[in-house]
Each structure stands twice: as C-alpha cells, then as structure tokens.
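Fold and geometry: a report
Each chain is listed here by its residues.
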Amino acid sequence: GENVEQHPSTLSVQEGDSAVIKCTYSDSASNYFPWYKQELGKRPQLIIDIRSNVGEKKDQRIAVTLNKTAKHFSLHITETQPEDSAVYFCAAGFNKFYFGSGTKLNVKP
Amino acid sequence: EAGVAQSPRYKIIEKRQSVAFWCNPISGHATLYWYQQILGQGPKLLIQFQNNGVVDDSQLPKDRFSAERLKGVDSTLKIQPAKLEDSAVYLCASSLWGATYEQYFGPGTRLTVT
C-alpha cells in the first residue's frame with residue numbers, strides 16, 4: 001500500500017518568515033495530493049491541493065509543489081502569521097487515501 | 001450545503017464494552033471514510049466505502065471493529081469489545097467520488113476507554 005512520509009514533525013518560525021513542509025510517497029499511481037490544516041480540537045480542513053498533471057499551485061500565501069519523478073511534494077507558507085499555527089497534514093491518493101504523520105507549526109509573534 | 005454529521009461527539013466506556021458511532025455524509029457523496037486519530041498522530045484510515053461497497057479495510061482490526069454503510073448513505077462503525085488503546089478521535093469524511101476528490105470531515109467522536 002501507499003506510504004506517505006512527512007517532515008519535519010515540528011517547525012517553529014518567526015512571524016513573517018516562510019515555512020516549508022515536505023512529504024514523500026511511495027505509490028506512483030497516486031495522483032491527488034491535498035494538504036490539510038488541523039487546529040487543536042477541530043477537524044482537518046483542506047487548505048490546498050494539487051493533481052499530478054500540475055507541478056505547482058498557489059493560493060495567496062500558500063503554495064504546493066509536486067515532483068512526480070522524485071515522488072515528493074511540498075507545502076510553502078510565506079509571510080507566516082500566528083494564526084497559521086496548527087498541525088498540517090499531507091496526503092496522497094488514487095484509489096485509496098493515506099495521510100502523513102503531521103507537522104506541528106508554531107509561528108512566534 | 002450541510003456538512004458531514006457525526007454522533008455522538010463524546011463517549012466514555014469501560015474496556016470490554018461495546019460502542020457504536022454514526023456518520024451521515026454530505027448528500028450525493030459516494031465515498032465515505034472512517035479514520036482513527038490518536039492524539040498527536042495523523043488520521044489513520046480504517047475503512048473506505050464507495051457507495052455501499054468496501055474499497056479498503058486493510059487497517060481495520062476486524063476481530064473487534066466492524067462497519068457498514070447500508071443503502072450507500074449513512075454509516076456506522078462499531079467496536080466490540082473495546083480496548084484501552086482504542087481511545088482516540090474517530091473521524092468520518094466523505095468525498096464526491098473516490099480518493100481524488102476533496103474530503104470533507106465531520107466533527108469527530110472522541111472516545112475514551114477506561
């Protein structure tokens with residue numbers, strides 16, 4: 001089955017800095033790569049996703065890049081704000097769906 | 001559009017007891033997922049339904065966990081008998097069709113086994 005690895009497990013940045021979270025996957029058939037944000041005690045919410053026919057996607061301060069050859073994809077958050085503090089999960093799917101282990105992002109004011 | 005509904009929101013039981021969770025997905029969503037999220041970890045897929053058929057239940061502990069999705073709409077997840085390590089949040093999610101569409105999550109059921 002699919003194996004999704006996510007790094008780092010924790011990330012602390014100063015407000016205004018950029019944050020990068022990386023994931024690798026094993027199943028070359030995976031073609032959908034979403035990122036979820038989960039605040040404490042709340043449900044995961046989709047923040048951005050990318051499909052395998054696209055290499056990069058941007059939405060304001062958030063961007064995702066995908067390298068299908070290397071089987072890795074990354075989340076980039078620019079100009080971080082304290083409200084970006086949360087746990088971020090990557091995921092990969094085709095017929096089935098698998099989550100990474102999560103990155104706890106702490107943005108210090 | 002109504003979201004994914006789950007009940008109960010919280011449940012405390014003793015080990016060896018049984019418990020059942022209910023999920024109502026977004027109307028028209030063919031795919032339904034049950035996840036187990038242990039504190040500090042990512043959601044772990046327990047079972048994925050496409051309509052009322054099972055796509056993946058490879059990580060479902062079938063000696064104690066069971067799930068069904070009758071009529072391809074609502075779903076129930078049951079644990080019998082519960083163990084201490086089953087303490088977790090059980091998340092239900094649905095998507096339009098398959099694992100290549102956005103998943104919408106319900107609020108989850110927090111289970112504590114004592």
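About the cut-offs
Residues numbered from 1 in each chain as written. Chains lettered and ligands numbered in written order. Predicted model: local features only at pLDDT ≥ 70, side-chain atom pairs only at ≥ 80, totals over all residues. Heavy atoms only, no water. 1 Å grid on protein atoms, 1.4 Å probe; cavity = no way out; pocket = protein on both sides within 12 Å on 5 of 7 lines; lining within 4 Å. Points joined across faces, edges and corners; volume = space filled by probe spheres on them. Nonpolar A, V, L, I, M, F, W, Y, C, P; charged D, E, K, R; others polar. Helix = DSSP H or I, 4+ residues; strand = E, 2+ residues; numbered from the N terminus. Buried < 20%, exposed > 50% of the residue type's maximum accessible area, 1.4 Å probe, protein only. Pairing = 2+ DSSP bridges. Axes fitted to C-alpha atoms, helices over the stretch in contact; angles between N-to-C directions.

Another aspect to go through is the layout of surface pockets. Counted as a void, the largest pocket has a volume near 730 Å³. Along the wall of the largest pocket there are 35 residues; nearest its centre are Gln38(A), Glu39(A), Leu40(A), Gly41(A) and Leu39(B). Per-class residue counts for the lining of the largest pocket are 13 nonpolar, 16 polar and six charged. If you add up the space inside the second largest pocket, you get close to 200 Å³. Contributing to the lining of the second largest pocket are 15 residues, with Tyr98(A), Phe99(A), Gly100(A), Pro43(B) and Lys44(B) lying nearest its centre. Where the lining of the second largest pocket is concerned, the elements lending two or more residues are β10 (97–99) of chain A together with β5 (44–50) of chain B. In terms of residues, the lining of the second largest pocket owes the most to one element, β10(A), which gives three residues. Class assignment of the residues belonging to the lining of the second largest pocket gives a composition of seven nonpolar, six polar and two charged.

With that settled, consider unusual backbone geometry. With an omega dihedral of -5 degrees, the bond running from His7(A) to Pro8(A) counts as a cis peptide bond. Position of Pro8(A) relative to the elements: it lies in the loop between β1 (5–7) and β2 (10–14). Within the chain, Arg16(B) stands out as a residue other than glycine whose phi angle is a positive 80 degrees. With respect to the helices and strands, Arg16(B) occurs in the loop between β2 (10–13) and β3 (19–24). The exposed category is assigned to Arg16(B), whose relative accessible area is 64%. At Lys71(B), a residue that is not glycine, the phi angle is positive and equals roughly 65 degrees. Secondary-structure assignment places Lys71(B) in the loop between β7 (65–68) and β8 (75–79).

Once that is clear, we can look at the sheet that holds β8(B). All names here are of chain B. With antiparallel pairing, four strands are arranged side by side in an open sheet as β1-β3-β8-β7. Unpaired on one side and paired on the other, β1 (5–7) and β7 mark the two borders of the sheet. Neighbour to neighbour, the strand axes of the sheet diverge by 15 degrees on average, direction disregarded.

Residues and elements named next belong to chain A. With respect to topology, five strands assemble into an open sheet ordered β1-β3-β8-β7-β6, the strand pairing being antiparallel. Each having just a single partner strand, β1 and β6 (56–59) make up the two edges of the open sheet. Direction aside, the axes of adjacent strands within the sheet are offset by 15 degrees on average. Pairing of β6 with strand β7 (residues 62–67), which is carried by four bridges, proceeds in the antiparallel orientation. In the sheet register, Lys-57 faces β7, and the bridge partner there is Val-64.

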